[in-house]
Amino acid sequence: AQSVTQPDIHITVSEGASLELRCNYSYGATPYLFWYVQSPGQGLQLLLKYFSGDTLVQGIKGFEAEFKRSQSSFNLRKPSVHWSDAAEYFCAVGRVNNNDMRFGAGTRLTVKP
Amino acid sequence: ETGVTQSPTHLIKTRGQQVTLRCSSQSGHNTVSWYQQALGQGPQFIFQYYREEENGRGNFPPRFSGLQFPNYSSELNVNALELDDSALYLCASSLGGGSSYNEQFFGPGTRLTVL
């Protein structure tokens, strides 16, 4: 079965600094990969997804992620963080013809002024 | 276009009771998935309903059951509540069941506390 690991429980960055959130997955074939963001009291919002093709994926709010098959990773990046980016970020993996999407435990992002 | 809505927002129950949570899917979506998100954890897939039939289930016991109605809204029922059932329950709607390919749109969740 597929699984996801987010090694960082909590990350603090200064506003304007760059950000990278790590995600490692376990799955035998090419996975579907997702990054979601969850703000307090809100549901999950999809930032970006990877199904196939170009391994560098652009998403909303200035986020991007890179799929690296050799490292089983799908790290999320943003060149300059804004205070409004403070939230919980979840990486998830899914499969073709399967609706059982597996989420990581999340990384909480704090943004310092 | 109305997004995914869930009710109630918060709920407090005691151990052994039964609870029903409700979800209205986004307009035009025929698939609803339910997730349990325990404190400090990512969401865990409970099950999915597609065109009123259960269409996949995660590792949850049978006391977790659901329904989907002709208008594609859905209910999650949990019987014989246990303390560990305390969590945020998320519903997500999408178009076309059976694959993670279809983007899911999440509701804000129902916070269930079991005492």
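Residues numbered from 1 in each chain as written. Chains lettered and ligands numbered in written order. Predicted model: local features only at pLDDT ≥ 70, side-chain atom pairs only at ≥ 80, totals over all residues. Heavy atoms only, no water.

### Considerations on the state of the cysteines
Okay, step 1: Counting across every chain of the model gives two disulfides over all chains.
Okay, step 2: The disulfide that involves C23(A) links it to C91(A), with 1.9 Å between the sulfurs. Between C23(A) and C91(A) the sulfur-sulfur dihedral comes to about -65°; the bridge is accordingly left-handed. In this pair, C23(A) is assigned in the loop between β3 (19-21) and β4 (24-26) and C91(A) in strand β10 (residues 87-95), connecting sequence segments 68 residues apart.
Okay, step 3: Owing to a relative accessible area of 0%, C23(A) belongs among the buried residues under this scheme.
Okay, step 4: Assessed through its relative accessible area of 0%, C91(A) is described here as buried.
Okay, step 5: Bridging C23(B) to C91(B), the disulfide has an S-S length of 1.6 Å. (Disulfide = S-S within 2.5 Å. Helix = DSSP H or I, 4+ residues; strand = E, 2+ residues; numbered from the N terminus. Buried < 20%, exposed > 50% of the residue type's maximum accessible area, 1.4 Å probe, protein only.)

### Quick notes on the sheet that holds strand β7 (residues 64-68) of chain B
All names here are of chain B.
Okay, step 1: Spatial ordering of the open sheet is given by β1-β3-β8-β7, a layout of four strands whose pairing is antiparallel. Each edge of the sheet is formed by a strand with only one pairing partner; in this case those strands are β1 (5-7) and β7. Each strand of the sheet is rotated relative to its neighbour by a mean of 20°, with strand direction disregarded. (Pairing = 2+ DSSP bridges. Axes fitted to C-alpha atoms, helices over the stretch in contact; angles between N-to-C directions.)

### Looking at the interface of chain B and chain A
Okay, step 1: Residue-level contacts link 21 residues of chain B with 23 residues of chain A.
Okay, step 2: Buried area between chain B and chain A, summed over both chains or domains, comes out near 1600 Å², and the portion from carbon and sulfur atoms is 54%.
Okay, step 3: Where chain B meets chain A, there are one salt bridge.
Okay, step 4: A salt bridge links E103(B) to K49(A), with the nearest nitrogen and oxygen atoms 3.9 Å apart.
Okay, step 5: Our enumeration of links across chain B and chain A arrives at one residue pair in polar contact (both at pLDDT 80 or more).
Okay, step 6: Looking at the side of chain B that touches chain A, the elements with two or more residues in it are β4 (31-37), β5 (44-50), β6 (53-57) and β9 (87-94) of chain B.
Okay, step 7: Considering only residue class, the side of chain B that touches chain A consists of eight nonpolar, 12 polar and one charged. (Contact = heavy atoms within 4.5 Å. Buried area = accessible area lost by both parts, 1.4 Å probe. Salt bridge = Lys/Arg side-chain N within 4 Å of Asp/Glu carboxyl O. Polar contact = N/O pair within 3.5 Å; in protein donor to acceptor, adjacent residues only side chain to side chain. Nonpolar A, V, L, I, M, F, W, Y, C, P; charged D, E, K, R; others polar.)

### Structural notes on the confidence of the model for chain A
Okay, step 1: Mean pLDDT over chain A works out to 92, with 97% of the residues at or above the 70 mark.
Okay, step 2: Taken element by element, the predicted model of chain A shows its lowest mean pLDDT in strand β11 (residues 98-103) of chain A (81) and its highest in β3(A) (98). (pLDDT = per-residue confidence, 0-100.)

### Quick word on unusual backbone geometry
Okay, step 1: With an omega dihedral of -10°, the bond running from S7(B) to P8(B) counts as a cis peptide bond.
Okay, step 2: In this fold, P8(B) is placed in the loop between β1 and β2 (10-13).
Okay, step 3: Even without a glycine there, the phi angle at S72(A) is positive, about 50°.
Okay, step 4: By secondary structure assignment, the location of S72(A) is in the loop between β8 (64-68) and β9 (73-78).
Okay, step 5: Positive phi, close to 75°, is recorded for Y72(B), a residue that is not glycine.

### Quick word on the pairing of strand β11 (residues 110-114) of chain B
Residue and element names in this part refer to chain B.
Okay, step 1: Of the two faces of β11, only one is covered, namely that formed by T110, L112 and V114; the face formed by R111 and T113 stays uncovered.
Okay, step 2: By the bridge criterion, three bridges tie β9 to β11 in an arrangement that is antiparallel. Looking across to β11, one finds that L88 is bridged to R111.

### Things to note about the pattern of salt bridges
Okay, step 1: The final tally for this structure, using the stated rule, is nine salt bridges over all chains.
Okay, step 2: Note that R77(A) is salt-bridged to E66(A), the shortest N-O span being 3.3 Å. Here the residue R77(A) occupies a position in strand β9, and E66(A) occupies one in strand β8, the gap between them amounting to 11 residues.
Okay, step 3: Of the residues examined, E66(A) reaches a relative accessible area of 23% and is grouped as partly exposed.
Okay, step 4: For D85(B), the salt bridge goes to R63(B), with nearest N and O atoms at 2.7 Å. Within this pair, whereas D85(B) is found in the loop between β8 (74-78) and β9, its partner R63(B) is found in the loop between β6 and β7, the two being separated by 22 residues in sequence. In this pair, the class of D85(B) matches that of R63(B), namely buried.
Okay, step 5: Bridged by salt links that share partners, the residues E64(A), E66(A) and R77(A) form one connected network.

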